[in-house]
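Okay, here's what each chain looks like letter by letter:
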Amino acid sequence: DAGVTQSPTHLIKTRGQQVTLRCSPISGHKSVSWYQQVLGQGPQFIFQYYEKEERGRGNFPDRFSARQFPNYSSELNVNALLLGDSALYLCASSSTGTGGMYEQYFGPGTRLTVT
Amino acid sequence: TQLLEQSPQFLSIQEGENLTVYCNSSSVFSSLQWYRQEPGEGPVLLVTVVTGGEVKKLKRLTFQFGDARKDSSLHITAAQPGDTGLYLCAGPNSGTYKYIFGTGTRLKVLA
């Protein structure tokens, strides 16, 4: 079975531009979460979606938004890019959306560079 | 928001040595996960611990969840170069749908 897939693999954007990152979860998984990982640090939680509804949001500005589609794939959008948005963006899928015990499986990430 | 602090931050050891990585919080977690991440890739789930005092083994890796479910440890026996990577603990923030990662331990095993 295919794991979590993300596209694109790498992306270079200019300050002020907008970017859309895409994620397809493991088949059968209904929950998708997005993380930002700056070099040398652990991933920071951005969003969790379950059954197309936002279930959780981290401490990120409104420039960050996301949505989940009926097939459970997801998009992360970032507007008005700043240099500080340069990071590895990770998508994770899990079989349940509960806040308790659940295991997440990560995709390979999208490396975003803002110049 | 609950925090997870890992120690040490960096560790460089010779092949064959043993090591322990710690993950600590002042808050109770319903479960903790351990991941290993290699450069340019996503974290790979190693184990989930749920019960206080639980011990799980994965080949040369031994994971323990503290009795009070506020801390966890990862012990590697006879480390090999293939164990090199960033080790992360993580868990669900109580009462929310947020998921928290620890600060990470970067391990390098020298041949």
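In this report, the structure presented in the accompanying data block is examined. Source: prediction; values computed, not measured.

Residues and elements named next belong to chain B. By the secondary structure assignment, R36 is in strand 4 (residues 32-37). Each C-alpha atom, one on R36 and one on K108, is 12 Å from the other, the two residues being 72 residues apart in sequence. With sequence-adjacent residues up to four places away left out, R36 is seen in contact with G42, P43, V44, L46, G82, D83, T84, L86 and Y87.

The subject of this paragraph is the sheet that holds strand 3 (residues 19-24) of chain A. The pairing of strands in a sheet comes from backbone hydrogen bonds and takes either a parallel or an antiparallel form. Residue and element names in this part refer to chain A. An order of 1-3-8-7 is seen for the four strands of this open sheet, with the pairing classed as antiparallel. Lying at the two open borders of the sheet, with one neighbouring strand each, are strand 1 (5-7) and strand 7 (64-68). Neighbour-to-neighbour, the strand axes of this sheet turn through a mean angle of 15°, independent of strand direction. Sheet analysis places strand 7 next to strand 8 (residues 74-78), joined by five bridges and oriented antiparallel. Across the sheet, F64 pairs through a bridge with V78, a residue of strand 8.

Before going further, it helps to spend a moment on the pattern of salt bridges. Residue and element names in this part refer to chain A. Per the counting criterion, the structure on display carries seven salt bridges over all chains. Linking R67 and E75 is a salt bridge whose minimum nitrogen-to-oxygen distance equals 3.3 Å. Via salt bridges that share partners, R22, R67 and E75 belong to a single interconnected network.

With that settled, consider the side chain of A:Q68. All names here are of chain A. Tracing the backbone shows Q68 in strand 7. For Q68, a relative accessible area of 7% corresponds to the buried category. From its side chain, Q68 meets the backbone nitrogen of E51 in a polar contact 3.4 Å long. At 2.8 Å, the side chain of Q68 forms a polar contact with the backbone nitrogen of K52. When sequence neighbours within four positions are dropped, the list of residues in contact with Q68 reads K30, S31, V32, Y49, Y50, E51, K52, E53, S73 and S74.

A word on the pairing of strand 5 (residues 44-49) of chain B. Along any regular strand, the residues point their side chains to alternate faces of the sheet. Residues and elements named next belong to chain B. A large share of strand 5 lies buried, amounting to five of its six residues. With five bridges joining them, strand 4 and strand 5 adopt antiparallel strand pairing. Across the sheet, Q33 pairs through a bridge with T48, a residue of strand 5. Once strand 4 ends, the chain turns through six residues before running back antiparallel as strand 5, passing G40 with a positive phi of about 75°.

So, about the state of the cysteines. The bond known as a disulfide is covalent and runs between the sulfur atoms of two cysteines. Scanning the model with the defined rule gives two disulfides over all chains in all. Bridging A:C23 to A:C91, the disulfide has an S-S length of 1.8 Å. Handedness of the A:C23-A:C91 disulfide follows from its S-S torsion of about -60°: it is left-handed. Here A:C23 is found in strand 3, whereas its partner A:C91 is found in strand 9 (residues 87-94), with 68 residues between them in sequence. Take A:C91: its relative accessible area is 0%, and that puts it in the buried class. Note that B:C23 is cross-linked by a disulfide to B:C89, the S-S spacing being 2.0 Å. Taking the sign of the S-S torsion, about 80° here, the bridge from B:C23 to B:C89 comes out right-handed.

Further remarks concern the interface of chain B and chain A. Across the boundary between the two partners, chain B contributes 23 residues, which contact 26 residues of chain A. For the pairing of chain B and chain A, the buried interface totals around 1,800 Å² over both sides, and the portion due to carbon and sulfur atoms is 57%. Here chain B is connected to chain A by zero salt bridges. Summed over the shared surface of chain B and chain A, the result is two residue pairs in polar contact (both at pLDDT 80 or more). Of all the secondary-structure elements, those providing two or more residues to the side of chain B that touches chain A are strand 4, strand 5, strand 9 (85-92) and strand 10 (99-101) of chain B. A class-by-class count of the residues in the side of chain B that touches chain A yields ten nonpolar, ten polar and three charged.

Rules used throughout
- Residues numbered from 1 in each chain as written.
- Chains lettered and ligands numbered in written order.
- Predicted model: local features only at pLDDT ≥ 70, side-chain atom pairs only at ≥ 80, totals over all residues.
- Heavy atoms only, no water.
- Helix = DSSP H or I, 4+ residues; strand = E, 2+ residues; numbered from the N terminus.
- Contact = heavy atoms within 4.5 Å.
- Pairing = 2+ DSSP bridges.
- Axes fitted to C-alpha atoms, helices over the stretch in contact; angles between N-to-C directions.
- Salt bridge = Lys/Arg side-chain N within 4 Å of Asp/Glu carboxyl O.
- Buried < 20%, exposed > 50% of the residue type's maximum accessible area, 1.4 Å probe, protein only.
- Polar contact = N/O pair within 3.5 Å; in protein donor to acceptor, adjacent residues only side chain to side chain.
- Disulfide = S-S within 2.5 Å.
- Buried area = accessible area lost by both parts, 1.4 Å probe.
- Nonpolar A, V, L, I, M, F, W, Y, C, P; charged D, E, K, R; others polar.

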